[in-house]
Structure formats: structure tokens, C-alpha cells
Amino acid sequence: MNKRTACMLIPKFPLVVQLRDQPELHEEPVTLAENPSDRSKVLHTNVRAADQGVSLGMTVVQAKNVCPELCVLIKDAKKEQLKFDELLRKLQRLSPFIEEANPGIAYLDASGLKRTYPQEKDLTEELISFVRFQGYPVRVGMAGNKFTSLVGASISENYSYTIVPEGKEKKFLQLQSIQLLPIGQDLYEKFYRLGIKTLGQFAILPDQEVAERFGSEGVRLLKLTRGQDDEPLKLKKLDEKENRIKDLEFPLETQTGILFYVNSILKRQLNGLAQKELACEKILVILKTEDDNEIPIHLSVAQETNRLKTFINMLRLRLEKVVLPASVKEIQVKIQRSSPLSSEQLGFYQKRKPDLLGQKIIQLKRILGNGNILLPQITSSHKPEGKFQLVPYTSETKRNLKRDTKKKSVHLSNSPFDFSQNSTSGLRLYNPPKPATVRVENGLINFVIADFWYGEVIRQTGPWEISGEWWSEGYKRRYFEIELFEGEQYLIFLENSSRKWFLQGVFD
Amino acid sequence: MEYVELHCHSNFSFLDGANHPENLAEKASHLGYKALALTDHNGLYGIVRFHKACKEKEIKAIIGSEITLENGHHLVLLVKNQQGYSTLCQLLSHALLSHPKGEAKVKCKELFSRSKGLIALSACLCGEIPSLLLKNDYENAERTALKLKEVFGRDNFFLELGYHNRPEQAELNSKLKSLGEKLNIPLVATNNVHYKEPEGQRLQDVLVCIKNHTSLDQAGTLLYPNAERHLKYPQDMKELFAQYPVAIENTIGIAEACNFSLDLLKPSLPAFSVPQGETPFSYLYQLTYEGARERYRPMTPQAAKQIAHELDIIQRLDLAGYFLIVWDVARFCRGKEILCQGRGSAANSAVCYCLGITAVDPVKLNLLFERFLSEERREAPDIDIDIQHNRREEVIQYVYEKYGREHAGMVCEVISYRGRSSVRDVGKALGFSLEQVDRLAKLLDHYSDSEEIVERVRESELKAESRRVKLLVELCKEIERFPRHLGIHNGGMVITAKPLSQIVPIENATMPDRTVIQWDKDDSADVGLVKIDLLGLGMLTLIDFAIRLIKEHKGIVIDPAQLGYDDSRVYDLLSGGDTVGVFQVESRAQMNTLPRLRPKCFYDLVVEVALIRPGPIQGEMVHPYLRRRNGEEAVTYPHPCLEPILKRTLGVPLFQEQGMRVAMQAAGFTASQADELRRAMGHKRSKERMEKLSVSLIQGMVKNGIDLAAASRIYKQLAAFADFGFAESHAASFALLVYVSAYFKVYYPSEFYCALLNAQPLGFYSPSTIVEDAKRHGVEILNVDATKSKWDCTLEGEKVRLGFRYVRELGPSAKEKIEKEQRKKKFESLEDFVFRTDLPQPALEQLAMVDAFSCFGYDRREAVWKVQGLANRSAEELSLRNSQTTFVPLPSMNASDVLIADYDGLGLSPTRHPMQFLRKHLNGLGVICACKLRNADEGDIKVAGLVIVRQRPGTAKGFVFLTLEDETGWINVVVKPNLAKKCRGAIISSSTLLVKGKLEKHDGVINIIGREFTPLEFPQGGVKFESRDFR
């Protein structure tokens, strides 16, 4: 039986993955960039953006100049991989032998599928409808080898296919564009200079001359263009065999024994995830007993984690409630859902354990309600009450906090009202400042009423002045430190615009 | 005198001070100060302007600087006397030169050894003593204070108190007082001024943000906490420092002790060594008359009289040495066969003409010598020398070598904020996104002013009514012309007898091995530093190249000075506007004016050069002049008394000299006032100066019987010069080059185009446009050939062979390798070329692609294949493989492939024009080609071509001018402002356009008033064509 390969191609897969999560952007001009920098290059664009003149290779700034309303998404390689793995896992229903070339391109071994799909078009149509059902645009090529099937897929329209009949690979490739060869820009330019625009034009070049100029890579490309791609499929291990322990030395009856084996399987799996900077959200432990019963135990965490102890503790609690009908002869552990690890936290918990903070925050949110978890931030301002603020907790806040910490500390060292730094005065601030009533005689403050206290002023210093933020609301204040008869000391100020007095804080 | 501010920053404390030095002086005077110190950070950049402004306001200018020590702390130094000034200059120079640009740290050791003539103040919170006291480190504070007291002396070191209504300053002042009492060091009060009025806080905050690359929202405590750092009334200062009255009193004592004035500086030129027995004047006299015998044949009585008159004045002003120095530079150039020519007012001098410094005969052209030099002004004249740009460095190095680096230096150029830069920096500070400011900035020209910003904001997507946008506009106005950083002036050199670093601080320039002084050319001139401008001029390079080519190929030696300037064919070419490559008159505006002006003699060229400039255009002088010249309008004069002055230019004032004479004649200005007016007319900062002079000018005219309307009209015309007035002599010098370049184009077109291509980058047009122009003038352009081409373009008979310099991927190292091998022997084969030159693979492939190897029998693709095969092989390996050549079936190139390869590799095509490939298609659309426009009827028309130039002159009120080129010529397209805005995308970004519009003809000038603009695509994907846009 001749070898047949189907190629499944999802065009602009990285962009498609991002857009699947943001359907509201479907009608907008959208582009995908390598990173958030303005100089980052445009990797993919949707039709709407392309219509407005955004093209690949432009910088984000250039693209935005061409299309001001352009929405820029950032490439997320981990997410792409995750989504593609998920799709391939499902695709195994059609063929167990799948090679993943890149996220967005996969080859299926179609050689042995004649019985299920008598016509090749049946398989390609099934493949298209299956992938389409998963929400992806798709093109399919079917040919005697991987490269030809890829070319077939590449020249197809979305949701359509090209089948290259057996033995017709060379003829099919002849007129196809040289741009379909998987080569870098340098090599492509070399071909361009030689006037080689089709695969056929390259295919007829003499072997030795090509080898002299382009080395073994050139020879490989020659074979590809002549339809002689004999590279076998590199099958993707989608189901890890190591996640199962069969034929245990002796059947397990105790919780400790089960936990011991689960521990060893899961540890390996979680390490594997950690290496890919992924973390686990859901785990399925299947215990097969000697009476052939399967007992599934689902474990899930609110915040993804790679902490083995978390899952083992959860399993321990669950096992305490499970009555095993017989001894366990086989254990299987499946990681059902994983996602990228959250960025590193600061403080509270030791480094490299970001998940713990996440879990704690989620617990707090459940108790206090969403939006009531706030993060304290030190800010730089001349206004005493502006030196500190609470912002809603998000992962973005965490990142910003980390980025700004160094800068802010530099600012603070210059602050004239820097009561928090190197200060022995111990000022407790009122935030917002409290209104006060002040009696002034002969330019001196002699009596103050504020909040729940009042008193005669026996000593004052000041005025100190601050003004600023003229670009927004603006402020101008005259500050006084006052001491009352009984020794209490306060910081009060007169707001210039309203001519009203406020109590800013009390000195301990 | 109650109080003197001794610590004051102007905007020459770059991105810190928020006022011009002049504004500070004015404010100080208003507040009743009798003196004011300027203490900018690490420099004396603004002191000349400050000195002048103080003089004008009759207050004493105290020179100083807030220096940064190597430990990062500040110290304020004030100049007491000339020695102190010289010391400060040297301290700053050493600090600046021994650190990277933008940093300056004075070594304490150096400060301790050089302190005479200086007074030191302990500085603001950044000073060492205040910093230590704030940290309660009394021991070290005392040690430092004692050291500084010892260094500067008991009477010359003060502890500086400041008070900006801040608690920490109150605390510090009390500590400083205790320290002063303990160590017997006097106190002095300052306000560390950063702006003249409290309102200046806004701009100062913005400047701080720009400096720290942050926004106002983010800046926080980087900004000063309040608006107290302004010039305050002496009484207010006394009240603020009521606890320290002696600190206020001491400001007066210090001010009285500082008695240095820039007027004392009087830098002199180094003595020029003359032959034994000669004095500088006698030697100049001898050289002048030797030159006169060459220049004036026969000598006329007018010339003799003029020379004698000039020599007399030169002697009386003791300027013979200066003339000899400039003569020496010109002599050096002649000796080295470097083309040079004096420009500007020097061309008014017959002595300069005789010495070979200038090339225009001022006697023949009746030019005004007093514009150049007058006894009344008693100052050195300004002589600018244009030097062929490819050899200017040789001349600069000669000057350095002759006078020594200690005595010669380049003046700086203060790069200041204009439209684009201010929008970018202020916009970012206000928190606008990079894209927003970028988009707005791109709507502006580099030199747009704040008024234009208002206009452009309306065009941009920014909401003009929002508070931040309003602030943006306001602050851009305020920051306009603020210095941002220093650049190098493009040729100004100063030479001094004393070491330069004793006269002005010197600092590193961005360019390696270059240093600049801290003053620009105007400030240098104001102080009396004698400057020689050694300017690079590309046209002189072209002329030099052309002269050499003509001599080499035709054996004819051309001396531009002997051309006669009356050849009718030259004037015919100019009258036809056929001026691509011709100096000064190749812009579209000039090309359109030439057929209307129809120059017939040399003076017409002088007028043409001066006419199409922003000044005359804004002053609405162009059309009246043209109408009068063509007899469409009567020649009238604003007043009969002006007829003798304006007759030569048909009653329309065009030249600075006329401006001077008008002011003297009509408004009764003295020569000195007229000269001030002249300076204002040709000055960057002239608008303000012109406005100041306006009142007395108009009043003077009215007093002389000219009615107010006419007086205002005359003033308006003169004020227009403020943008860039032209001296008649300068125009004459340039007109000379116009004539010479046009002469070469008429009589030696092959040499002209060859020289023009070798002198690139030069002028208005890309090499591709020049090549197309050459083809239309019958000059055949030959492609690069590995055996025949040199690095530069060469002549083969009357054909121009492109040089290797035009092949992209070939740089200076390729030049060296190719020329070295060419000197050895001719290249015999492709292999020989590849192995001997050892060029990198991309360069060889590029040569193959542009057909440079056809001489070895390979077509382009075969050559590429061959070159690819030779990569990484030795000659020995190759000899083994020679016999095994295999046929390789590569696709052959069609004509459009050839064109694309040429544009890719050369940026031009020696053979075809890209539009030829679209012609069939365009004919089908009814598109007319350029050559048929002359005979086409006025009315609706379709044209198409490559967009070779896009222009939107500031004077054109939003009109955009496109120049299209097809295979037969050029098409002028005018785009009205509303359409320019509407069709901006197509107009800006398409390399090829189809334009539907209306054909209009006027005085031989053909324009298409564009209506629709459609981008055109080339069948093969297009050519890489670079247009010259908005220059």
C-alpha cells in the first residue's frame, strides 16, 4: 500500500487562537505582533486590517499610522501550543498517527484509513468538518508525502482541499510558487535573483551544482520540489504512557500505597509542565481495581499550580471518603487541563510559588467578594495623601507594581513631605483630609476645630507650601504644623482655591 | 540695591530653566534689581545673550555657573574678574572634555588648584554641604566647608541659604547658620531661580519630564513641590530671610565684588606671520595689488578707487591680519586644487575679490562695500567660504594644524525646539501616546511654528477643545525656540590668540574628534570672536569634477572666472526652466519662475536667486516683480526718495542692502541702526528684533513724509526678510554658480551629468531623476561594467558609464578593494574579479543582478548562478572545476525583470523608464504623456507618472505640489488643500499616480490642478523608487 499523508493547515493560527477568545474583535481590523513594543513587527493581520493597508513586516507604529483604529494583539506561544495540542488530541479520533509540524500545521498518516474512508475526499471532508466544528478555519492537502500535502493545503481555499493523485506529486508541484518552500528570506532572495519563481524551475537544476551552492539543504529542497519527500511522520506523543502504572507488584489496599504511586507519577508530570512554564488546573486519577471496576477521582484547583503537595493532599482527603470495592491493580493519572503559569508575585510567599498567592487571593475573593481585594501601592506625589493608594488586585497590577518599584523609590527619596522615609515624626495621615475650622488672629492660628477634637494652638510652624498638578485639577496648599495646649501635634493646611482648612494628619 | 539674585538658571540649563536669559534680565530690571547672576548648569551657553540683555536694561550681569563636582554635588561659582572668568572657562572645559557628551564633572583636585577670581556658594540642596547637613553628618559638612573656605578664601566662599516655603529648607538654613557661625563663613541668600514668574512652573515641570523621559502624571516628586523658584521682589526676599538679614546684605557685597564684563574679553586673532620687513598691512597691500593686476585687466579708475578705499578702512580698523588669515585659507585651497569661493557679504569687497577669496567683481556689479565692512561698526567682518564639500575636512584640518587645537575651534549650533520637536516632547510629557504625538508631529514640518501646530491639531484626531490638547498648544508655544542641545555649526571656526578654553568653555561634539565652543555664531560674533565659516558646498564639488572631466576628455581647461557670463544659450536653457542639476534654480518654484522671468543677463540671475525664497514670497514681492518685469504693471516706488535704491529691482526691495538703504533714506536711520536692521533681517532670532525696530522705522518714515499706509507696506516688505533675507552680494556669488553649472549643462552635458552623479547626494533630485534627465538631453547612460567601471561614474566618449558607487551593497571597503585591484591590472574574468576583490557574497550577487558581469559573457542570472558557485571556494578548487561546467536551465529575464533588477540594485535604470511598461495600459485610459502637454488644450486631462517630488511649502497655505515623471518628461501637479487632506493616503504613499485634473497654462508654465488620484501598480510588483519628499 502506498503511503498517503493528509496535511491540515490552519492559516494564521496564532491570530486565530487569539481571536477565538475575543469574538467582539471579528469585525475590527486586527493584527498580531510579536510583543507589546511599538517597534515589534506585524506577524499576521486579518482581512479587515489588510484592506486598510496593514501588511506583514510593518512595525506596530507603522501599522497604526496606516490604520489608526487597528487593534494589536500579542502573540502567545504557550497558548497556541496548548490550543493546538488540544485540537490534535481530538483529531486522534480520525487518525492515531499525527505529526505536529508547527502550531497550525499537522500531518496525518492516511495510509491505513481506506476502510473507514473509502475515498480520500471522505477523509479530507471529515477532517475539514471536524476542525471547522472546533472553530478553526482549515485547509487540507492530501498527497504521497508531507511536503506535497502541505503545498496542496496551502493552495486550497479555507474549508476546501486539494488531493494530489498518487504518483503525480512532481507534476503537481511543478507550477507551484517557490514561496511555498519552507525556506528563510536569504535563500528565497537567492532563488529570486536566479529567476526561480516555481518549484519546477528549481527541480530541474543539476544536483551537483545545487549541492555546491546550497549544500545539503539545497539537495533536500531539490527532493521536495521533485515530489520525493520521503521523510516519515514524526508522531506526536499525545497520550503519555508514563501516566499509567499497570501490573503493580502487589495490589494496593491502603491509601498510603495509592498516594505513593500517584505521587511518583504526578511528580514527573508536573515537572514536565513546569519546564514548559505551564501549571495544572485539573487532574483525573483512575484507580482500576481487581474486579475491573474503574474509580475516577477528579481533582481541580481554583488557581493553576504545580505544587504536588496540593494535589496529594486533595487526593488524600478524597480517598478518605472513597470505599474501594477491591484492591487496586492499576493507577492512571491524567492531567486534564493546564494553563500558563501566572507571573511571579512579590512578597508574601517565597519566590517561584506564584500560585500560592493566586490561591489565597481567590479564597479571599470568595469570602470578601470580587472587587474588594485591593493592593496597596506607594506612589510618588507631593500631596501627603497621594503617597499611597489602593488599587484593585489583578495580575496586571502585580506586574506594574514590580516594574515601578525601583523608579518610585528614587522619587520618594526627594519628597519634601516624606513622612514615611527616614522620618521620626510618625505622622498618621487622614485620607482624605478632614475639614477643619481654624481661627486666625494677627496672622497666627490660635484655635482649631476638626473632627472630634478642638483646642487652642500654642505653637505653630510653617507655612510650608505645595502646589502642582496644574495639568489636571491642580492644587495649592499652605501647611502648618500646630501644637495644642495638651501637647497634641497636628498637620493642617489651607486649600488655596476653596480657602478652606483641612486636617491632614496627626503626629504620634 | 537691596537684593541681588545670585543663583539663576535660564533655559541654557538645558531642560531645567524655563526662560530665555533675556527674559530673566528683563524681569530683574522690572523688579528693580541692579544686578543679576546667571548660573546655568555646567556652562556659559547663555551669557552673551544675558550680557547683552542686561546691558540693554542697564543692570549688571554677573557671570557664573552651577558646576557639578565629580562626587555629583553642585557648587555655584561666580566670576569676580577676568582671571576668574578665564579660570571658570578652563574648569568647565576640562570637565566637559574629559567626560562623554552631556556629562560634566569638575574634579575636586582641579577646583582646589584653580579658584582665583571666583566666588563660590555652597549651592542648593544638591550641594555637598547641604546634603551632609540634611543627613546630620556635621563632621563631614564642617570638613568640606573648611576646605572650600581655604580654597576660595574667607571672603569668597559663602553658605547659600534658600527658602521656597519648604520645611526641610527652614531646617537646613538653621544648620547652615550654625555652621557659618562656628567656622566664620558668611551666609548668602538666593532663590535658586528657574523661571522668571510663578507661571513658569508649568513649563519647568514639562522640561523636567522631558529630561527624565517621563510624563507629568508619572513624575511625582521629580517635579518641584511648588512655584517659588522665580525672581522675587527684593522686599519679599528680605521678608523671607528676615531671620538672616546678613544673608540678604551679602548678595549686594558679592554683586559689588563681581566686576567682570564680557566687554572686557576682547579676544584677538593670532598674529599672522608675514615676510621679514613687512607689516600685516603692507603685506596685505602687496597681495591685494598683485591680485588686482590679475583680476582687473585693464584696471579701471573705479576699481582702483574702490580698492584704495577698502584698504584705507582695513588699515584704520586694523583688520589686515584677519584678511591675511582668510587669504591664507583660500591660498591653501588653491594650492591643493580645492574649489572654494567666498559667499555672503564678503563678495561686496574688491579686496576680497583681488585676494581670490571671492569670485564676484563688486565694482562691476556696483555692490555696497559698507554692507561688508564699515568704519562705524568697528568690528571684524564675517567672511564665509564655500568649499567643495568632499574636501572641506582637509581645510578644517589645515586651520587646526596651522593655529593649533588650543587656538582654533568650531562654533556650536544651538538646536532649539520647533514645531515637530516641541509637539513630540511636550506631548509625551503631557501623557499623549507615542502614536498620537507622532501622528501630529508628522503633520508638521521640522520648522513649523506654534501657529501651525494649532492648525494641525485641527487636522489630527486630537480633540482641540480638550484641556490637555489646549495645554499642548500653549506649552508648545512657550517652548518654541528653547535650546534643547548643542550641535556643531556646519562650518564656523573661530581662531584666537589666547587659548580658546580661556575665552569660552569647550565641549565634546557628538561627532568623534570634534569639539565645539559653547556659543553659536551670533554669540561668538557679539563677543568679538572672529569667525571664518568654512562651509561645504556640493555644487563646488560638481564644478570641480566637471572641470577635471572636461580637461581629461576634451583637453579644455575651463576657468569659471573667465566665462564671461553672457552666453545666450545658457540664458536660453535657464529661461526654459530646464534646470535639473543647476545650482539653486532647480526647485519646482524656481523652474516655474524662470520662464516668467526669462533671465537675459547675470544680474537677472542674481535677482532670480534672491526672489524665490520665503522672505520675498511672504513679503508678496515675487508677483509684483514679475509683472513689472514683463510690463504688465507700472514700476512705482513707495516713495520717490526710494527710486535710486530700488530702481535695479523695479521698485521691489529684494536685498538686505536695499533694506539698509531704505531705512537710512526713508526713515532717517543711522548707518548703525540700519545695520542693526540688516542683522535682524538675516537673523534666526530676528522676528522679535524686527518688531522692536518697527516702531522707530515706521515713525521715521512718517516723519520723512511717507504716509502711514506706505510706511506700513515698506515695513511689511522688510519684515519678510526676517525669515531669510539675502545679501545682494551673496545672491551674486550664488548666481555665479548658477551660471557656471548651467554653462556646463549646455556645453558639456556628458561631463555635467557625470559630475552630477558623482557629487551625489546633491540638490533636489534622486539619481534616477537625473539619469532620466540626462537621457532626455541625449546623454547615454551605460550600465556598471566590471571591467570598465571605476568607483565613480566615468565618461566613455560622450556616454556616461555608471560607477560601482551606484551599486547597493557596495560600501567604502568594497571601494578600497576594487580600486586596489584595478590599479594592479584589469579584471579578466568573473572568477578573477571574485577572487581578487574578495567582495562579500551579497555584493557580488548584486553586481551580477545589475549586469556588471555581462562583460565576461554572462547574462544576469547566469552571473548570479556563477557567483553563488564561487562562494567560499579557492582559486585552486576553481581551476579543477573549470572543465566541468554544466548547462543550467535558468529562466531568462524579460524587460520588466531587468528594470526591477536595475532599480533594486542601482536605484535607477540606465535604459528604460518604469512608465514605459504601463504606457499601453495608460493609452487605453486616455492618459496623456508629459511631452504632449505643451500642445494639449486647457481643460480636463489625465496624466500619470512616478512621483519624484512632493512638496508642501510653508508659504503655500496647505497646497501640495507633486512632480510626476514619465518616460517623456515631467508633469507638475497642484493639489488643493482640501484634496490634499482628503486624498492624503494616495498622495503620500503611492510611488506612481494616475491623476485626473485640469490642465492650466500660464507664461509657459504648465500645471495640472489635480482632482482625482489613483495609485498605479506595476505588473511585476513594482520598482523600489525613492522620491524626494517635503524637503
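Now for a look at the structure at hand. Computed from a predicted structure; not experimentally measured. (Residues numbered from 1 in each chain as written. Chains lettered and ligands numbered in written order. Predicted model: local features only at pLDDT ≥ 70, side-chain atom pairs only at ≥ 80, totals over all residues. Heavy atoms only, no water.)

So, the overall build of chain A
Along chain A, the regular secondary structure elements total 14 helices and 20 strands. For chain A, the residues scored as buried account for 46% of the 508 residues in total. By sequence separation, contacts in chain A at least 24 residues apart represent 55% of the contacts at least 6 residues apart. When the accessible area of chain A is evaluated, it comes to approximately 27,200 Å², of which 50% is carbon and sulfur surface. (Helix = DSSP H or I, 4+ residues; strand = E, 2+ residues; numbered from the N terminus. Buried < 20%, exposed > 50% of the residue type's maximum accessible area, 1.4 Å probe, protein only. Contact = heavy atoms within 4.5 Å. Areas by Shrake-Rupley, 256 points an atom, 1.4 Å probe, with all protein chains shown as cover.)

Description of the environment of B:Ala303
All names here are of chain B. For Ala303, the position within the fold is in helix H13 (residues 301-316). Spatially, the C-alpha atoms of Ala303 and Ile396 are 33 Å apart, while their sequence positions differ by 93 residues. Non-local contacts of Ala303, meaning those with residues more than four positions away in its chain, are made with Tyr296 and Val363.

Quick notes on the pairing of strand S10 (residues 278-289) of chain A
Residues and elements named next belong to chain A. Buried residues dominate S10, accounting for ten of its twelve residues. Inspection of the sheet shows S10 paired to strand S11 (residues 294-305) by eight bridges, in the antiparallel sense. The partner of Cys280 across the bridge, within S11, is Thr305. Between S10 and S11, which pair antiparallel one after the other, the connecting turn spans four residues, and Asp292 there sits at a positive phi close to 65 degrees. (Pairing = 2+ DSSP bridges.)

A closer look at a nonpolar patch on the surface
There is a patch of nonpolar side chains on the surface, built from A:Leu364, A:Ile367 and A:Leu368 and spanning about 290 Å² of accessible area. Relative to the helices and strands, A:Leu368 resides in helix H13 (residues 354-368). (Patch = residues over 30% accessible without salt bridge, like charges linked within 9 Å, V, L, I, M, F, W, Y side chains within 5 Å. Salt bridge = Lys/Arg side-chain N within 4 Å of Asp/Glu carboxyl O.)

Digging into the pattern of salt bridges
All names here are of chain B. Summed over all chains, the structure comprises 72 salt bridges over all chains. Across the pair Lys824 and Glu821 runs a salt bridge whose closest N-O atoms are separated by 3.0 Å. With Lys824 and Glu821 both in helix H37 (residues 812-824), this residue pair falls three residues apart, about one helical turn. Judged by its relative accessible area of 54%, Lys824 is exposed. Glu821 gets classed as buried once you look at its relative accessible area, which sits at 7%. Connected through salt bridges with shared partners, the residues Asp578, Lys745, Asp773 and Arg776 form a single ionic network.

Notes on the sheet that holds strand S10 (residues 483-495) of chain B
Residues and elements named next belong to chain B. Judged by pairing direction, the sheet is mixed, and its seven strands sit side by side in the order S7-S8-S13-S10-S9-S12-S11 without closing on themselves. The strands lining the two open edges of the sheet, one partner per strand, are strand S7 (340-343) and strand S11 (506-508). For this sheet the average axis-to-axis angle between neighbouring strands, irrespective of direction, equals 45 degrees. With four bridges connecting them, S7 and strand S8 (residues 383-388) associate as antiparallel partners. Along S8, the bridge assignment pairs Cys340 with Ile387. Contacts between helix H3 (residues 82-97) and the sheet are confined to S11 and strand S12 (515-520), with S11 contributing the most and set at about 5 degrees to the helix. In the packing of helix H16 (residues 392-403) onto the sheet, contacts are made with S8, strand S9 (408-416), S10, S12 and strand S13 (531-537), and the angle to S10 comes to roughly 75 degrees. (Axes fitted to C-alpha atoms, helices over the stretch in contact; angles between N-to-C directions.)

Some details on the nonpolar core
Core analysis: the biggest nonpolar cluster contains 133 residues, and B:Phe744 and B:Phe853 have the highest contact counts within it. When residues of this core are assigned to their parent elements, the largest contribution, 13 residues, is made by helix H34 (residues 728-747) of chain B. Residue contacts for B:Phe744: discarding those within four places in its chain leaves B:Ile543, B:Ala546, B:Ile547, B:Ile550, B:Ile558, B:Pro749 and B:Phe752. Core analysis: the next-biggest nonpolar cluster, separate from the first, contains 92 residues, A:Tyr479, B:Ala95, B:Val504 and B:Val516 among them. (Core = buried A, V, L, I, M, F, W, Y, C linked by side-chain atoms within 4.5 Å.)

Describing the packing of helix H12 (residues 280-295) of chain B against H13(B)
Residue and element names in this part refer to chain B. Direction vectors running N to C along H12 and H13 enclose 160 degrees, while the axes themselves pass 11 Å from each other. Classified by the interaxial angle, the pair formed by H12 and H13 is roughly antiparallel. Two packed elements cross with a definite hand, and for H12 against H13 that hand is right-handed. Counted together, Phe281, Leu284, Tyr285, Thr288, Tyr289 and Ala292 of H12 and Ala304, Ile307, Ala308, Leu311, Ile314 and Gln315 of H13 form the full contact between these two elements. Across the contact of H12 with H13, the residue classes tally to ten nonpolar, two polar and no charged. (Parallel < 35°, antiparallel > 145°, perpendicular 65-115°, else oblique. Left-handed = near helix turned anticlockwise from the far one by under 90°. Nonpolar A, V, L, I, M, F, W, Y, C, P; charged D, E, K, R; others polar.)

Re the packing of aromatic side chains
Scanning the entire structure with this criterion turns up 42 aromatic pairs over all chains. Seen in terms of ring centroids, B:Phe272 and B:Trp327 are 6.4 Å apart; in terms of plane orientation they differ by 75 degrees. Their pairing is edge-to-face. Of this pair, B:Phe272 sits in the loop between helix H11 (245-257) and H12 while B:Trp327 sits in helix H14 (residues 320-335), placing them 55 residues apart in sequence. When its relative accessible area of 7% is taken as the criterion, B:Trp327 is described as buried. Aromatic pair B:Tyr603 and B:Phe655: ring centres 6.4 Å apart, planes at 65 degrees, arrangement edge-to-face. A residue pair is termed long-range when its members are at least 10 positions apart, and B:Tyr603 in helix H25 (residues 602-611) and B:Phe655 in the loop between helix H28 (643-646) and helix H29 (656-667) qualify at 52 residues. Taken as a pair, B:Tyr603 and B:Phe655 share a single burial class, namely buried. Through successive ring pairs, a cluster of aromatic residues spans B:Tyr565, B:Tyr571, B:Phe602, B:Tyr739, B:Tyr743, B:Phe744, B:Tyr747 and B:Tyr748. Directly above the aromatic system of A:Tyr159 lies the positively charged group of A:Arg132, at a separation of 3.9 Å from the ring centroid. The lysine or arginine in question, A:Arg477, covers the ring of A:Phe493, its NZ or CZ lying 4.1 Å from the ring centre. (Phe/Tyr/Trp six-rings, centres within 6.5 Å; stacked < 30°, edge-to-face > 60°. Lys NZ or Arg CZ within 6 Å of the ring centre and 35° of its normal.)

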